[in-house]
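Here is what each chain is made of, one letter per residue.
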Number of protein chains: 2
Amino acid sequence: MKHGQLATKELAEFIRERAAIEETYSKSMSKLAKMASNGSTLGTFAPMWDVFRVSADKLALCHLELMRKMNDLIRDINKYGEEQVKIHRKTKEEMVGTVEAVQALQAQNGHLQKSKEGYHAKCIELERLKKEGAPQKEVEKAEMKSKKAAESFALCIEKYNRVGGEFEQKMSESAQKFQEIEETHLRQMKQLIKGYSHSTEDTHVQVGQVHEEFKQNVENIGIDNLIQKFAEQKGTGKDRPALVGFEEYMTALAPEGGKKSRGKAFRIPGLGKRDKEPDSTSRLSNRSSRHAAFLDWTLMIKSVFHKPGGRCFGAFVRGLLSWVSSS
Amino acid sequence: MKHGQLATKELAEFIRERAAIEETYSKSMSKLAKMASNGSTLGTFAPMWDVFRVSADKLALCHLELMRKMNDLIRDINKYGEEQVKIHRKTKEEMVGTVEAVQALQAQNGHLQKSKEGYHAKCIELERLKKEGAPQKEVEKAEMKSKKAAESFALCIEKYNRVGGEFEQKMSESAQKFQEIEETHLRQMKQLIKGYSHSTEDTHVQVGQVHEEFKQNVENIGIDNLIQKFAEQKGTGKDRPALVGFEEYMTALAPEGGKKSRGKAFRIPGLGKRDKEPDSTSRLSNRSSRHAAFLDWTLMIKSVFHKPGGRCFGAFVRGLLSWVSSS
């Protein structure tokens with residue numbers, strides 16, 4: 001029975017260790033998710049990091065949940081352990097009768113032994129006297145003693161068998177009781193293990209869903225999508241600028257002067273100051289800086305390739321230019 | 001493109017971190033298995049620890065296998081990273097023409113700007129002279145200059161548009177090339193991620209099998225089994241000893257004396273010295289120690305209960321006795 005209490009304690013310790021392992025795993029996964037969220041936001045691959053981050057975050061949650069379930073289970077085990085101690089204490093009290101029966105049998109066994117030895121000693125004495133041809137009186141006396149010893153031995157046997165019967169009765173009751181306690185204990189332990197098993201299985205199913213989701217997400221983000229997303233984010237627009245034409249002087253510089261046709265506004269994220277309404281009549285506009293040429297030209301090329309199969313790579317033009325200037 | 005190399009590097013780092021997490025988890029599971037193998041070997045629950053140990057050991061192996069697969073994947077990623085660097089280097093060399101076209105356009109843009117300013121300056125000068133009523137000769141001279149500037153401006157525009165056409169051509173080729181490189185890169189990255197996904201899925205399936213096995217093993221070890229196993233291991237046998245009868249003195253102590261009926265041998269594991277052939281004719285045999293009585297009695301009780309439903313608790317008798325003597 002004390003082994004039953006030990007088993008309960010050991011099971012709680014085992015599950016506590018498992019909970020700690022799951023907690024560590026969960027924390028590591030959170031760290032991994034953070035690592036994914038720190039993945040480069042530049043380049044066409046960037047959106048994939050979000051898929052990794054979400055997956056690792058969800059895995060962290062799954063294992064944290066498992067840790068919580070294990071902790072709940074430990075509480076259940078400890079609660080059972082307390083009940084177990086109470087049951088054992090009560091049982092020990094009920095065993096007093098059996099203990100007494102055991103002690104009585106032990107004592108009676110000693111008496112029986114002595115009695116047998118006494119009887120046999122008397123028999124030896126009697127035999128010796130007979131062999132030596134001792135006087136009839138002495139032989140008769142020895143016979144009497146032997147007879148008495150035999151009677152005493154017979155009484156002892158009777159008592160021993162009676163005490164033995166009581167011992168048998170008590171012992172069988174106790175053994176039955178022990179068997180019941182042990183069965184209840186094992187049933188309870190198996191129930192707790194079932195809880196452990198269910199928790200790990202639930203988590204396993206959840207983890208499977210996270211894996212499936214990850215796989216789906218990766219499949220759903222097509223290569224075309226990634227390139228398009230990148231071009232949309234980094235691109236400069238889709239309109240092709242007109243060719244440069246002769247620009248007649250028409251007092252254009254006078255403040256209240258002639259009408260200036262204003263082109264469509266376009267912006268490039270992350271490229272210095274933004275002109276709210278850039279003058280894009282032609283490549284000869286006021287923004288005739290190095291950048292302006294880049295802008296117009298990349299714009300032009302984008303429009304050339306703004307057709308199925310060839311679109312969306314305006315960004316690469318910028319990529320090329322920055323790459324070229326880095327070499 | 002340099003972001004492509006960064007993405008490859010980051011993916012390898014991410015998976016290295018994941019491999020480390022799996023390694024730690026695997027080691028912890030091995031530790032947990034050891035903990036289970038150190039579970040008490042006494043008591044009816046003892047055989048269950050083996051189920052826990054096997055399960056934790058197998059989980060450790062599953063995650064170790066995942067770590068190995070991750071390490072293989074890192075090697076693949078690094079290999080791809082090296083190829084990527086080579087491809088980028090080669091591409092950079094092929095881009096020389098585009099770089100030249102960009103530079104030519106930049107230079108021509110400057111000329112165009114200057115030419116336009118020169119032409120407009122000449123126009124302003126001509127207008128001023130006309131307004132001030134300057135001599136006809138001066139006006140004609142200015143008109144000539146303005147005309148020349150206009151011609152120069154027109155030539156500049158023509159050249160700029162020609163250079164622009166070359167730029168457009170080169171740029172579109174480069175952009176197409178970049179798009180191809182980027183597509184190949186993303187295809188490769190997705191392939192590597194697929195490998196990652198497959199590995200985690202394989203491990204997930206294995207872990208599921210370990211859980212299922214654990215559940216089955218727990219179910220298969222019935223409570224009856226545990227109790228029977230315990231009784232078989234700790235029990236003293238199944239034969240009931242006869243009641244004690246009167247033992248006639250028949251020169252039993254003489255060495256060459258009367259025949260002694262010899263009972264069946266039985267042993268109790270872990271209970272002191274073992275008599276090879278204990279004299280078990282009756283409870284009054286020579287082994288009339290405290291133990292001998294225990295043995296006989298537990299034996300007797302065992303035989304009483306050696307029937308369906310009540311058998312197998314001989315061990316509890318011993319359990320009771322050791323428990324009683326501990327109190």
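Scoring rules and cut-offs
Residues numbered from 1 in each chain as written. Chains lettered and ligands numbered in written order. Predicted model: local features only at pLDDT ≥ 70, side-chain atom pairs only at ≥ 80, totals over all residues. Heavy atoms only, no water. Helix = DSSP H or I, 4+ residues; strand = E, 2+ residues; numbered from the N terminus. Contact = heavy atoms within 4.5 Å. Areas by Shrake-Rupley, 256 points an atom, 1.4 Å probe, with all protein chains shown as cover. Salt bridge = Lys/Arg side-chain N within 4 Å of Asp/Glu carboxyl O. Buried < 20%, exposed > 50% of the residue type's maximum accessible area, 1.4 Å probe, protein only. Patch = residues over 30% accessible without salt bridge, like charges linked within 9 Å, V, L, I, M, F, W, Y side chains within 5 Å. Lys, Arg positive; Asp, Glu negative; His and termini not counted. Charge placed at Lys NZ, Arg CZ, Asp CG, Glu CD. Axes fitted to C-alpha atoms, helices over the stretch in contact; angles between N-to-C directions. Parallel < 35°, antiparallel > 145°, perpendicular 65-115°, else oblique. Left-handed = near helix turned anticlockwise from the far one by under 90°. Nonpolar A, V, L, I, M, F, W, Y, C, P; charged D, E, K, R; others polar. pLDDT = per-residue confidence, 0-100. Phe/Tyr/Trp six-rings, centres within 6.5 Å; stacked < 30°, edge-to-face > 60°. Core = buried A, V, L, I, M, F, W, Y, C linked by side-chain atoms within 4.5 Å. Domains from an automatic or database assignment. Buried area = accessible area lost by both parts, 1.4 Å probe. Polar contact = N/O pair within 3.5 Å; in protein donor to acceptor, adjacent residues only side chain to side chain. Expected span 1.5 Å × (residues − 1). Disulfide = S-S within 2.5 Å.

This paragraph deals with the overall build of chain A. Tallying secondary structure elements over chain A gives 7 helices and 0 strands in all. When the helices and strands of chain A are placed in sequence order, the string is α-α-α-α-α-α-α. Of the contacts formed within chain A by residues at least 6 apart in sequence, a portion of 78% connects residues at least 24 apart. By element, 52% of the accessible surface of chain A is carried by carbon and sulfur atoms, the whole surface being about 17,500 Å².

What follows covers the pattern of salt bridges. All names here are of chain B. All chains considered together, the criterion is met by 30 salt bridges over all chains. In this structure, Arg 53 and Asp 57 form a salt bridge, with 3.6 Å as the shortest nitrogen-oxygen distance. Of this pair, Arg 53 and Asp 57 both sit in helix α2 (residues 46–94), 4 residues apart, which is roughly one turn of the helix. Residue class for Arg 53 comes out partly exposed when judged on its relative accessible area of 25%.

For the rest of this paragraph, the subject is a positive patch on the surface. All names here are of chain A. A contiguous patch of positive charge on the surface is contributed by Lys 122, Lys 137, Lys 141 and Lys 145. Sort the elements by how many residues they give to the positive patch and helix α4 (residues 136–220) lands first, with 3 residues. Its location among the elements puts Lys 122 in helix α3 (residues 96–132). A residue is classified by how much of its surface remains accessible, and Lys 122, at 31% relative accessible area, is partly exposed.

Moving on, we get to the packing of α4(A) against helix α4 (residues 136–220) of chain B. Their axes nearest at 10 Å, the elements α4(A) and α4(B) cross at an angle of 165°. Comparing their axes, α4(B) and α4(A) come out roughly antiparallel. Here α4(A) and α4(B) pass one another in a crossing that is left-handed. Considering only residue class, the contact of α4(A) with α4(B) consists of 10 nonpolar, 10 polar and 10 charged.

All names here are of chain A. A residue-level look at chain A finds 72% of positions with pLDDT of 70 or above and a mean pLDDT of 77. The low-confidence segment residues 251–316, where pLDDT is below 50, has 137 contacts with residues more than four positions distant or belonging to other chains. For this predicted complex, the interface confidence reaches an ipTM of 0.70, while the overall pTM sits at 0.71.

This brings us to the packing of aromatic side chains. Per the counting criterion, the structure on display carries 19 aromatic pairs over all chains. With centroids separated by 5.6 Å and ring planes inclined at 85°, the aromatic side chains of A:Phe45 and A:Trp49 adopt a geometry described as edge-to-face. Per residue, the accessibility class of A:Phe45 equals that of A:Trp49, and both read buried. Measuring from ring centre to ring centre gives 6.2 Å for B:Phe14 and B:Tyr196, while their planes differ by 65°; the resulting arrangement is edge-to-face. Note that B:Phe14 is positioned in helix α1 (residues 2–37) and B:Tyr196 in helix α4, a separation of 182 residues in sequence.

With that settled, the discussion passes to the nonpolar core. Formed by 82 residues in total, the largest nonpolar core has its most connected members in A:Phe52 and B:Phe52. Only α1 (2–37), α2 (46–94), α4 and α5 (223–234) of chain A together with α1, α2, α4 and α5 (223–234) of chain B provide two or more residues apiece to this core. Beyond its immediate chain neighbours, meaning those up to four positions away, A:Phe52 contacts A:Ala36, A:Phe45, A:Phe214, B:Leu11, B:Phe14, B:Ile193 and B:Tyr196.

Residues and elements named next belong to chain A. Here the domain parsing of chain A yields domain 1 (2–221) and domain 2 (226–247 + 262–326). Contact with domain 1, which involves 6 residues of that partner, is made by 4 residues of domain 2. Together, the buried faces of domain 1 and domain 2 total about 500 Å²; carbon and sulfur atoms form 75% of this surface. The three residues of domain 1 that bury the most area against domain 2 are Thr 44, Pro 47 and Ile 221, which together make up 66% of that side's buried surface. One can count 0 salt bridges joining domain 1 with domain 2. Here the side of domain 1 that touches domain 2 is built from residues that sort into 4 nonpolar, 2 polar and no charged.

The next point concerns the environment of A:Gln179. Assignment of secondary structure puts A:Gln179 in helix α4. Since its relative accessible area comes to 8%, A:Gln179 is described here as buried.

Attention now goes to the side chain of A:Lys190. Note that A:Lys190 resides in helix α4. Although A:Lys190 is buried, it makes no salt bridge; B:Glu219 carries the closest opposite charge, 7.9 Å away. A distance of 2.8 Å separates a polar atom in the side chain of A:Lys190 from the backbone oxygen of B:Ile221. Not counting residues up to four positions away in its chain, the partners in contact with A:Lys190 are B:Val218, B:Glu219, B:Ile221, B:Gly222 and B:Ile223.

Here we come to helix α3 (residues 96–132) of chain B. Here α3(B) spans 54 Å end to end across 37 residues, near enough to the 54 Å set by a 1.5 Å rise per residue. At the exit of α3(B) stands B:Gly133, carrying a positive phi of roughly 65°.

Moving on: the state of the cysteines. Residue and element names in this part refer to chain B. Counted according to the given criterion, the structure contains 0 disulfides over all chains. Between Cys 123, a free cysteine, and Cys 156, which holds the nearest cysteine sulfur, the sulfur-to-sulfur gap is 15 Å. Judged by relative accessible area, Cys 123 falls into the buried class, the value being 11%.

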